[in-house]
Protein chains: 6
Amino acid sequence: MPPRVYVTRRFHFSAAHRVYNPAWSEEKNQSVFGPCSGPHFHGHNYELEVTVAGPPNPETGYVVDIRLLKNLIEDQVIAQLDHKNLNLDVPFLQGRIPSSENLIVALWEEIARLLPAGVELVSLRLWETPRNCFTYYGETVEPF
Amino acid sequence: MPPRVYVTRRFHFSAAHRVYNPAWSEEKNQSVFGPCSGPHFHGHNYELEVTVAGPPNPETGYVVDIRLLKNLIEDQVIAQLDHKNLNLDVPFLQGRIPSSENLIVALWEEIARLLPAGVELVSLRLWETPRNCFTYYGETVEPF
Amino acid sequence: MPPRVYVTRRFHFSAAHRVYNPAWSEEKNQSVFGPCSGPHFHGHNYELEVTVAGPPNPETGYVVDIRLLKNLIEDQVIAQLDHKNLNLDVPFLQGRIPSSENLIVALWEEIARLLPAGVELVSLRLWETPRNCFTYYGETVEPF
Amino acid sequence: MPPRVYVTRRFHFSAAHRVYNPAWSEEKNQSVFGPCSGPHFHGHNYELEVTVAGPPNPETGYVVDIRLLKNLIEDQVIAQLDHKNLNLDVPFLQGRIPSSENLIVALWEEIARLLPAGVELVSLRLWETPRNCFTYYGETVEPF
Amino acid sequence: MPPRVYVTRRFHFSAAHRVYNPAWSEEKNQSVFGPCSGPHFHGHNYELEVTVAGPPNPETGYVVDIRLLKNLIEDQVIAQLDHKNLNLDVPFLQGRIPSSENLIVALWEEIARLLPAGVELVSLRLWETPRNCFTYYGETVEPF
Amino acid sequence: MPPRVYVTRRFHFSAAHRVYNPAWSEEKNQSVFGPCSGPHFHGHNYELEVTVAGPPNPETGYVVDIRLLKNLIEDQVIAQLDHKNLNLDVPFLQGRIPSSENLIVALWEEIARLLPAGVELVSLRLWETPRNCFTYYGETVEPF
């Protein structure tokens, strides 16, 4: 039976954000989120790792042509995020607190629907700083 | 159902150790462990990645406030290891050979009991050098 | 019951390759693979992460002596790849298109049979560039 | 004669900015600076390397106690930048376009006056992204 | 007087090469250069750091618009090297042994003549592997 | 006239040390050096960058054969440091406080006398942690 191989491409974007719940007062945002909720925003160089999986095509040796994957995701997704404000400028984040947790779940939806047939989205990993990262495998949990 | 997101924080500590089995002679330690058992110790810049998981809280967008996680683990765990000797100075390593394998299993116990309710410890990854790393998911195996 | 710990060692090799299907014309190779199939080859600094798992031996604290693992794989596997041409020089790649997907599956076979008893091969991860990586867990899929 | 040794400490901060000349119209800013001047800001994980030099003190072996250097610069300088907006929140940047060039020159003035006697500031290097960096040695040029 | 600031942009290319002196026999090449002269080539992920300097323009805060610098060098220089064979495919390397030393000197000539007036080329740094790098400042030495 | 090119090789070693002045009491060492002087040592993964310079040899394209440089310094210098205690085990450090400043000055003497004729030692850079580094160019200063 053919092997299942995982292919990961790393993307980069620079964006501003603040962690801010619009249902709360400015004071409550400051007290809960501290410097992460500064009113004039701060920002990050985000690194995003997209992992897909499938069997290598016997004629090409490729699970997916990584140049196509790169162009697709850069044009359709990264272009919406790079040099933008995650609270104000990104249609697919409207109505969501732009924590990295919420960002990665929203990115899953955006990326999954772009992939060609037969290529499965396996995980997204988002580095917010060199010391903080967030991973999503498309899993759900029992509600709390 | 809410998504399950993994949050990883990376920590750093510098420590001395030697791989040494006190039940063996110095000669046997040298012959089995070689330079890793030099009698005057050597040391490493360890990098520790702590991964927890859970659903993002709808009011904050956070699985856990990563600043709290950082402070908790730095104060309660890293402070016991940084600029210390793993064979001599660390209470929770007493009686254990301080290989990275044993260190990571001991760290699991220390870190798991610190976490707030609802935040699950998923994995620890310890880089001893930029080329050697060790990962633990809390799994057990059949004894050998 | 003893813990199961994962041990990863990172290796490096520099090699030339081109993605090329010998059943196709040169023109078809160019049209499908583009610059990845340049007729005079190109090359990469590959980074290979080998992960094995098992219980730490109570007498040594080691899953495996990582110096032995390093020497075994460098002498038996990396020496066949480093400063070589993956299309022309590597016996275990003969007859395979040297995509990273096919390379990692071939490496699995080479490395698995070298490991000492009781040490399980868990995954291989191959970085072709700092932005592209490939992972294999020894899994298979239903044929397509 | 005593040796002259250079000591470098690396700092990190996350900030928002836009490259914007307030003497110009919004349209001219967009046309000159493009996405770097997006009206809602973007941001970066900046890495700042501070290099000082001098002879090691014979009694300590130190040019400067790097823990003191770290605390001084984190408390007096990095705290003004981290999780802030470089256009709006930083007193020592008021009236300056917050390009990395202007930021590093402003940082030189802030850092030089903090250093203890006998410790010379030699260079600042600022990484705006992993691919763009800016260095300043306190030099001037003939005006253009 | 205006400050002099150094601006560095990092580029990436993947190429094949062999160190080979065509005036020598194949045997002498093997004996002098060893595996670096394998007849079927090997390759690297090269990283190139280009550093220019000058005063920031008071109206933009820029020494040079780094997007222009990036596009210019990628289109005119990197495109000649990426996914190519340095011995066979690169016009500006014809007749030169493609060691990293010779490559960086040839790159100096290519890059210097592209730069806009008022922007001085200061240094090129070429990483052949993560452990080997080569730097050129445009200096000459007395012949030997 | 021939170009002057700089060649850098990066080395790695893991060692234990404490910053300790034997002319002082244990109490004074603790009060001056804090955790850096813990009595049972701590340790680091040191990275050492050795830079030499000269004209490329027209017949080889090399300033120096980097494989020879690597073997020479690993066998003669790194072997004295790796998996050792810098206070107790290293002959060329006897009588010196093993701060990184003093270590790098001592390394200069060890390395300079190993180099073949015509190859000039230009700089040593020692990374003690990913955030602290030390550079020496063989310069002296007026005594203080």
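Residues numbered from 1 in each chain as written. Chains lettered and ligands numbered in written order. Predicted model: local features only at pLDDT ≥ 70, side-chain atom pairs only at ≥ 80, totals over all residues. Heavy atoms only, no water.

### A short note on the interface of chain E and chain C
Accessible area lost when the parts come together is the quantity often used to give the size of an interface.
Argument step 1. Taken together, the 21 residues of chain E in the interface contact 21 residues of chain C.
Argument step 2. A buried area of about 1,500 Å², summed over both sides, lies between chain E and chain C, and 56% of it is on carbon and sulfur atoms.
Argument step 3. Per-residue buried area on chain E facing chain C is highest for H40(E), N45(E) and H83(E); these three make up 38% of the total on that side.
Argument step 4. Across the chain E-chain C interface, the total number found is zero salt bridges.
Argument step 5. At the surface where chain E touches chain C, the tally comes to 13 residue pairs in polar contact (both at pLDDT 80 or more).
Argument step 6. At the level of secondary structure, the elements contributing two or more residues to the side of chain E that touches chain C comprise β1 (3–17), β2 (42–54), β3 (84–85) and β4 (120–129) of chain E.
Argument step 7. The element that contributes the greatest number of residues to the side of chain E that touches chain C is β2(E), accounting for five residues.
Argument step 8. Taken together, the residues of the side of chain E that touches chain C break down into seven nonpolar, ten polar and four charged. (Contact = heavy atoms within 4.5 Å. Buried area = accessible area lost by both parts, 1.4 Å probe. Salt bridge = Lys/Arg side-chain N within 4 Å of Asp/Glu carboxyl O. Polar contact = N/O pair within 3.5 Å; in protein donor to acceptor, adjacent residues only side chain to side chain. Helix = DSSP H or I, 4+ residues; strand = E, 2+ residues; numbered from the N terminus. Nonpolar A, V, L, I, M, F, W, Y, C, P; charged D, E, K, R; others polar.)

### Structural notes on the confidence of the model for chain A
In regions of low pLDDT, the predicted coordinates are not meant to be interpreted in detail.
Argument step 1. Overall, the predicted model of chain A reaches an average pLDDT of 96, with 99% of residues at or above 70.
Argument step 2. The ipTM assigned to the predicted complex is 0.96, against a pTM of 0.97. (pLDDT = per-residue confidence, 0-100.)

### Side note on the environment of E47(E)
Argument step 1. With respect to the helices, strands and loops of the structure, E47(E) is situated in strand β2.
Argument step 2. Residues E47(E) and L126(E), spaced 79 residues apart in sequence, show a C-alpha to C-alpha distance of 5.7 Å.
Argument step 3. In this view, E47(E) contacts P130(C), R131(D), R10(E), F11(E), H12(E), R125(E), L126(E) and W127(E); residues no more than four positions away in its chain are not counted.
Argument step 4. Side-chain polar atoms of E47(E) contact the side chain of R131(D), separated by 3.3 Å.
Argument step 5. A distance of 2.9 Å separates a polar atom in the side chain of E47(E) from a polar atom in the side chain of R10(E).

### A few points about the relation of the copies chain E and chain C
Argument step 1. With an axial shift of 0.0 Å and an RMSD of 0.0 Å, the rotation relating chain E to chain C amounts to 180°. Such values leave the two copies arranged in the relation of a two-fold axis.
Argument step 2. When you check the interface residues of chain E against chain C, 100% turn up at the interface there too, and the contact is symmetric in its surfaces. (Least-squares fit on C-alpha atoms with pLDDT ≥ 70 in both.)

### A look at the side chain of H44(A)
Argument step 1. Inspection of the secondary structure puts H44(A) in strand β2 (residues 42–54).
Argument step 2. Under the relative-accessibility criterion, H44(A) is labelled buried at 2%.
Argument step 3. Those residues in contact with H44(A), other than ones at most four positions away along the chain, are F13(A), S14(A), A15(A), H17(A), E128(A), T129(A), S14(D), G43(D), H44(D) and N45(D). (Buried < 20%, exposed > 50% of the residue type's maximum accessible area, 1.4 Å probe, protein only.)

### Section: the relation of the copies chain C and chain A
Argument step 1. Of the transformation placing chain C onto chain A, the axial shift is 0.0 Å and the rotation is 120°, giving an RMSD of 0.0 Å. As the rotation angle and translation indicate, the two copies are arranged about a three-fold axis. Residue P130(C), judged by its C-alpha, is the member of chain C lying nearest the rotation axis, at 8.6 Å.

### Concerning the side chain of N85(F)
Argument step 1. As for its position among the elements, N85(F) is in strand β3 (residues 84–85).
Argument step 2. Side-chain polar atoms of N85(F) contact the backbone oxygen of H40(B), separated by 2.9 Å.
Argument step 3. At 3.1 Å, the side chain of N85(F) forms a polar contact with the backbone nitrogen of L88(F).
Argument step 4. Not counting residues within four places of it along the chain, the set of residues in contact with N85(F) comprises H40(B), F41(B), A16(F), F41(F) and V90(F).

### Thoughts on the packing of aromatic side chains
Argument step 1. Considering all chains together, one arrives at 30 aromatic pairs over all chains under this definition.
Argument step 2. Ring centres of Y62(A) and F33(C) lie 5.5 Å apart, and the angle between their planes is 80°; on these two criteria the pair is classed as edge-to-face. Taken together, the residues span two chains, with Y62(A) in the loop between β2 and α2 (66–81) and F33(C) in helix α1 (residues 26–33).
Argument step 3. Pairing Y137(A) with Y6(B) gives two aromatic rings, centres 5.1 Å apart and planes at 85°, and the pair type is edge-to-face. Here Y6(B) lies in strand β1 (residues 3–17) and Y137(A) lies in strand β5 (residues 132–140), a pairing that spans two chains.
Argument step 4. Through successive ring pairs, a cluster of aromatic residues spans W24(A), F33(A) and Y62(B).
Argument step 5. Between K28(E) and the ring centre of W24(E), over which it is positioned, the NZ or CZ distance is 4.3 Å. (Phe/Tyr/Trp six-rings, centres within 6.5 Å; stacked < 30°, edge-to-face > 60°. Lys NZ or Arg CZ within 6 Å of the ring centre and 35° of its normal.)

### Here's the deal with the pattern of salt bridges
Argument step 1. One pass over the structure, following the stated rule, counts 60 salt bridges over all chains.
Argument step 2. For the salt bridge of R4(A) with E120(A), the shortest nitrogen-to-oxygen distance reads 2.9 Å. A residue pair is termed long-range when its members are at least 10 positions apart, and R4(A) in strand β1 (residues 3–17) and E120(A) in strand β4 (residues 120–129) qualify at 116 residues.
Argument step 3. Using a relative accessible area of 16% as the deciding quantity, one classes R4(A) as buried.
Argument step 4. One salt bridge connects R67(F) with D65(F), and the closest N-O pair in it is separated by 3.1 Å.

### Focus: the pairing of strand β5 (residues 132–140) of chain C
The two faces of a sheet get side chains in turn, since along a regular strand they alternate between them.
Argument step 1. Examined bridge by bridge, β1(A) and β5(C) share six bridges and lie antiparallel to one another. The residue bridging V7(A) from the neighbouring strand is F134(C), located in β5(C).
Argument step 2. In this structure, strand β4 (residues 120–129) of chain C lies alongside β5(C), joined through five bridges in antiparallel fashion. Paired with L126(C) across the bridge in β5(C) is F134(C).
Argument step 3. Following β4(C), the chain reverses through two residues before pairing antiparallel with β5(C). (Pairing = 2+ DSSP bridges.)

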